[in-house]
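Here's the letter readout for the chains.
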Amino acid sequence: MSTQKLRQTEASRGSLSGAIPGVDVRLLDAATDERRAALACIREACFETGFFCLDNLLPRSDCYRRVLRRMRHFFSLSDDDPRKRAIDVTGQENTNGWMPLFQEPAYQPGTLAHLESFDCGPPGRVEPSRPNRWPPIRGFRNDVERLWDELSGAGWTVLRAVAEVLELETEFLVDRCRTQQHSTMRLLHYPPEHDAGAPDAANVGIAAHTDFECITFIVQTAPGLELMDVHGDWYDAPAGDDRVVVLLGDMLERWTNGALKATGHRVRQRPFERYSVVLFFAVDDDVEVAPLDSFVTADSPARFEPIGQREHTRAELERAELNRDEFAHRSDG
């Protein structure tokens with residue numbers, strides 16, 4: 001399901017907290033029978049639901065707790081604070097740094113995103129055009145980079161599992177996402193919206209979209225994230241920082257010729273404060289993504305033209321930035 005086909009105002013059917021498929025991340029490296037059961041759960045989730053959760057990844061993570069404290073401190077600073085202003089990326093091509101409220105691209109026309117963010121690329125491996133900008137806050141960079149490495153380790157495990165589910169070589173996805181040059185970690189802050197009652201197409205936390213990359217990890221501290229399943233129905237995602245939600249991205253949909261669907265998701269406005277940590281696992285620059293032969297048949301011809309991660313991301317962001325700027329222009333007029 002592409003971003004352009006999603007509908008922002010469709011109602012949610014309610015909570016999936018008790019029903020969303022959950023995979024104990026420890027079992028993916030466990031004995032054969034346990035791992036086989038975990039792979040079967042991922043297979044069913046990918047094809048029958050469209051997303052799943054990783055359990056037992058963050059509950060014991062001191063690093064995650066420290067990053068959460070860093071986020072609360074950083075986002076509590078005034079927008080005029082020099083520690084924010086020094087890394088303000090408004091209007092810049094390189095968005096690694098702080099993005100103020102209302103500057104997020106609008107993935108659906110006529111929407112305005114009520115969030116601020118801190119974005120960074122991989123520790124020590126960012127391409128020269130996308131250097132990381134860090135706030136001058138003691139311990140901030142170290143804790144965020146350590147969390148990146150911690151989540152990346154689990155990400156490689158998940159990518160290997162998904163490759164096996166798709167009957168590909170175990171390292172197929174890992175090898176094509178190895179450099180993380182286009183991968184991004186986002187620390188998101190959604191301020192409380194006290195008028196977030198009735199649905200309003202313009203009044204969103206973040207508009208409905210699919211992610212541009214291969215897979216995404218999301219952890220949220222409070223409700224707000226909503227997910228679309230493979231049947232086109234919206235559900236509330238599990239809340240709380242003990243579960244990591246795993247979304248399928250555009251590149252997996254392209255490789256599988258639509259057999260897997262990129263997970264539509266959005267964030268509704270809520271009358272309470274909310275934080276989220278997101279890690280996108282992107283495809284390397286030297287990889288051209290096109291439907292794999294095993295997913296192309298006479299009855300199911302190739303649905304996607306070959307494309308690279310950089311080109312795809314640029315096109316999607318340009319469209320979303322145009323939506324944002326057009327909405328701002330109408331509002332000013």
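Conventions we followed
- Residues numbered from 1 in each chain as written.
- Predicted model: local features only at pLDDT ≥ 70, side-chain atom pairs only at ≥ 80, totals over all residues.
- Heavy atoms only, no water.
- Phe/Tyr/Trp six-rings, centres within 6.5 Å; stacked < 30°, edge-to-face > 60°.
- Lys NZ or Arg CZ within 6 Å of the ring centre and 35° of its normal.
- Helix = DSSP H or I, 4+ residues; strand = E, 2+ residues; numbered from the N terminus.
- Buried < 20%, exposed > 50% of the residue type's maximum accessible area, 1.4 Å probe, protein only.
- Polar contact = N/O pair within 3.5 Å; in protein donor to acceptor, adjacent residues only side chain to side chain.
- Contact = heavy atoms within 4.5 Å.
- Salt bridge = Lys/Arg side-chain N within 4 Å of Asp/Glu carboxyl O.
- Expected span 1.5 Å × (residues − 1).
- Arc of directions from axis to C-beta.
- Core = buried A, V, L, I, M, F, W, Y, C linked by side-chain atoms within 4.5 Å.
- Pairing = 2+ DSSP bridges.
- Axes fitted to C-alpha atoms, helices over the stretch in contact; angles between N-to-C directions.

**Q** Even after reading the chapter, I still don't get the packing of aromatic side chains, so can you show me in this structure?
**A** Geometrically, a pair of aromatic rings is defined through the distance of the ring centres and the angle of the planes. On inspection of all chains with the given rule, the structure shows ten aromatic pairs. Three or more aromatic residues joined by ring pairs make a cluster, and in this case those are Phe-74, Phe-75, Phe-118, Trp-134 and Phe-140. Seen from the ring of Phe-74, Lys-84 lies directly overhead, with NZ or CZ sitting 5.7 Å from the centre. Lying across the ring of Phe-172, Arg-176 places its NZ or CZ 3.7 Å from the centre.

**Q** Where do I start with the side chain of Arg-130 in this structure?
**A** As for its position among the elements, Arg-130 is in the loop between strand 6 (116-120) and helix 4 (140-165). Owing to a relative accessible area of 16%, Arg-130 belongs among the buried residues under this scheme. Here Gln-181 takes part through its backbone oxygen, which lies 2.9 Å from a polar atom of the side chain of Arg-130. In this structure Arg-130 touches Asn-94, Asn-96, Gln-181, His-182, Ser-183 and Thr-184, once residues within four positions along its chain are discounted.

**Q** Could you clarify how one ought to interpret the pattern of salt bridges in this entry?
**A** In a structure, side chains of opposite charge can pair up when their charged atoms sit close to one another. Summed over all chains, the structure comprises 24 salt bridges. One salt bridge connects Arg-13 with Asp-233, and the closest N-O pair in it is separated by 3.0 Å. Taken together, the residues Arg-13 in strand 1 (residues 12-15) and Asp-233 in the loop between strand 11 (225-228) and strand 12 (234-236) connect sequence positions 220 residues apart. By relative accessible area, which is 58% here, Arg-13 ends up exposed. Across the salt bridge formed by Arg-178 and Glu-171, the nearest N and O atoms sit 3.7 Å from each other. Members of the salt-bridge network, linked through shared partners, are Arg-160, Glu-171, Asp-175 and Arg-178.

**Q** Please clarify how helix 1 (residues 32-49) should be interpreted in this entry.
**A** Residue pairs three or four apart in sequence face the same way in an α-helix, which turns once every 3.6 residues. A rise of 1.5 Å per residue sets the reference length of helix 1, with its 18 residues, at 26 Å; its end C-alpha atoms lie 25 Å apart and thus fit the reference within 8%. For helix 1, every residue scored as buried is listed here: Arg-35, Ala-38, Leu-39, Ile-42, Ala-45, Cys-46 and Thr-49. An end-on view of helix 1 places all buried positions within 150° of arc, on one side of the element. Away from its buried face, by an angle of more than 90 degrees, helix 1 presents the exposed residues Thr-32, Asp-33 and Glu-44. Just downstream of helix 1, Gly-50 is the residue with a positive phi angle, here 110°.

**Q** Whenever I open this one, the nonpolar core confuses me. Can you help?
**A** Formed by 68 residues in total, the largest nonpolar core has its most connected members in Leu-54, Leu-187, Phe-217 and Trp-255. In terms of residue count, helix 4 provides more of this core than any other element does, 13 residues in total. The next biggest cluster of nonpolar side chains, apart from the first, holds 22 residues, and it includes Phe-51, Cys-53, Ala-237 and Phe-280.

**Q** Just checking my understanding: could you explain the sheet that holds strand 1 for this structure?
**A** Sheets are built from strands that pair by backbone hydrogen bonding, the pairs being arranged parallel or antiparallel. One open sheet holds the five strands; their spatial order is 1-12-11-14-9, and the pairing between them is mixed. Among the strands making up the open sheet, the edge pair consists of strand 1 and strand 9 (206-209). Each neighbouring strand pair of the sheet contributes to a mean axis angle of 25°, computed without reference to strand direction. Where strand 11 and strand 14 (residues 265-267) come together, three bridges link them in antiparallel fashion. Residue pairing across strands places Leu-227 opposite His-265, the latter belonging to strand 14.

None of the figures reported here should be taken as evidence of function without further support.
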